[in-house]
Amino acid sequence: MLAVKAEGLYKYYKDGNKGRKEVLKNVSIDIEDGEIFGILGPNGAGKTTLISILSTLSIPDSGCVEVFGVDALLEANRVKSIVNISSGNPNFPWSLTVYENLKYFSLLYGLDDTAIEKVIDTLELEPFRNVRFDSLSTGTKQRLSLAKALLNEPRLLFLDEPTVGLDPDMAIKIRKLINRIHDEKGITIVLTTHYMKEAEQLCGRVAFIKKGEIIANAPPDELKRQMKLGEAITIEYEGNFDDSLLRDIPEILDILHENGKIKIVAANVESIIDNVLKKFCDVHVRNIEISQPNLEDVFLKLAH
Ligand SMILES: Nc1ncnc2c1ncn2[C@@H]1O[C@H](COP(=O)(O)OP(=O)(O)OP(=O)(O)O)[C@@H](O)[C@H]1O
Ligand SMILES: [Mg+2]
């Protein structure tokens, strides 16, 4: 069974005098049970709007959403009991402590203290139990937000930019935690992120959304292939090099040449490296670097 099946979603917001702004445009998406699915895209593309709709926090203007086979528009309460959402910019009652905040949500969800103790343990929040929300560091606020989202033991967890604003150490810690929660509890996770490394590390599949439309949806490696982003060999040299010498190597997909530095892109660099280096026999080569394409390259190509 699919964790999420969304079809033909449209969402409009009022837009000053101009009337309405189309924020989601015919968005259809299938998310498999148990996967970690990433939603990527530029600022304002509609990522938060999309996950708000999938998690029943917002209602689309048209289209339908099913969560584990339950209609999210007709039976929102049934869906609410099996999903939860955590934002990377959590906004909790600031004068309540970690425990009091979790108590507040557990009462809303109709849960007892056992649920609170479980998430305090999972998210290692014991040292902060009696610390007020406004005194917590950004990383601990994010952990509290994750703890809140795990209280009802959701089958489907939405994470909106779970590591935004964290230092690299804390971001790594949170990513490990997300992976652990996914592996141990076998839950489906849908996350948005602006960190391409994060999407690459965590997500089995990613969708790219631009101006409210999904324009790509595939595993990260397949996206790189689809975008014809090959491996690259970058050669730094001294003096002059005439790049027309490379014309007789048909496997070359692209050449970027600037002063003393040339980047040659091919599907498989290993198969051309010998031929390429032969062209440099009269030039003093200072450095050679081979690089794999990454999701950042995909993002930049899709976003423009
Ligand atoms: N409540 C609202 N009222 C009016 N417009 C809104 C509202 N919420 C979002 N928007 C607009 O909808 C568009 C999509 O916003 P959304 O927050 O979904 O984008 P996003 O992809 O999550 O962006 P970011 O990467 O910056 O978080 C933006 O143009 C935003 O200004
Ligand atoms: Mg957002």
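Residues numbered from 1 in each chain as written. Chains lettered and ligands numbered in written order. Predicted model: local features only at pLDDT ≥ 70, side-chain atom pairs only at ≥ 80, totals over all residues.

Chemist: Please clarify how the overall build of the protein should be interpreted in this entry.
Modeler: Per the secondary structure count, the protein includes ten helices and 14 strands. Looking at the protein as a whole, 34% of its 304 residues qualify as buried. Pairs at least 24 apart in sequence give 68% of the contacts found in the protein among residues at least 6 apart. (Helix = DSSP H or I, 4+ residues; strand = E, 2+ residues; numbered from the N terminus. Buried ≥ 20, exposed ≤ 12 C-beta atoms within 10 Å, placed from the backbone. Contact = placed C-beta atoms within 7 Å.)

Chemist: I keep staring at the domain arrangement of the protein and nothing clicks. Help me out?
Modeler: By a widely used convention, the size of an interface equals the accessible area lost when the partners come together. When its domains are assigned, the protein resolves into domain 1 (2–221) and domain 2 (226–303). One C-alpha centre belongs to domain 1, the other to domain 2; they are set 40 Å apart. Elements with a contribution of two residues or more to the side of domain 1 that touches domain 2: helix 7 (196–202), strand 9 (205–210) and strand 10 (213–218). Of the residues belonging to the side of domain 1 that touches domain 2, the class tally is nine nonpolar, no polar and two charged. (Domains from an automatic or database assignment. Nonpolar A, V, L, I, M, F, W, Y, C, P; charged D, E, K, R; others polar.)

Chemist: Where do I start with the site of ligand 1 in this structure?
Modeler: Inspection of the region around ligand 1 gives Tyr 13, Val 23, Gly 41, Asn 43, Gly 44, Ala 45, Gly 46, Lys 47, Thr 48 and Thr 49 as its neighbouring residues. If you tally residues by element for the shell around ligand 1, the top one is helix 1 (residues 47–54), at three residues. Residue classes in the shell around ligand 1 are distributed as three nonpolar, six polar and one charged. (Near = placed C-beta within 6 Å.)

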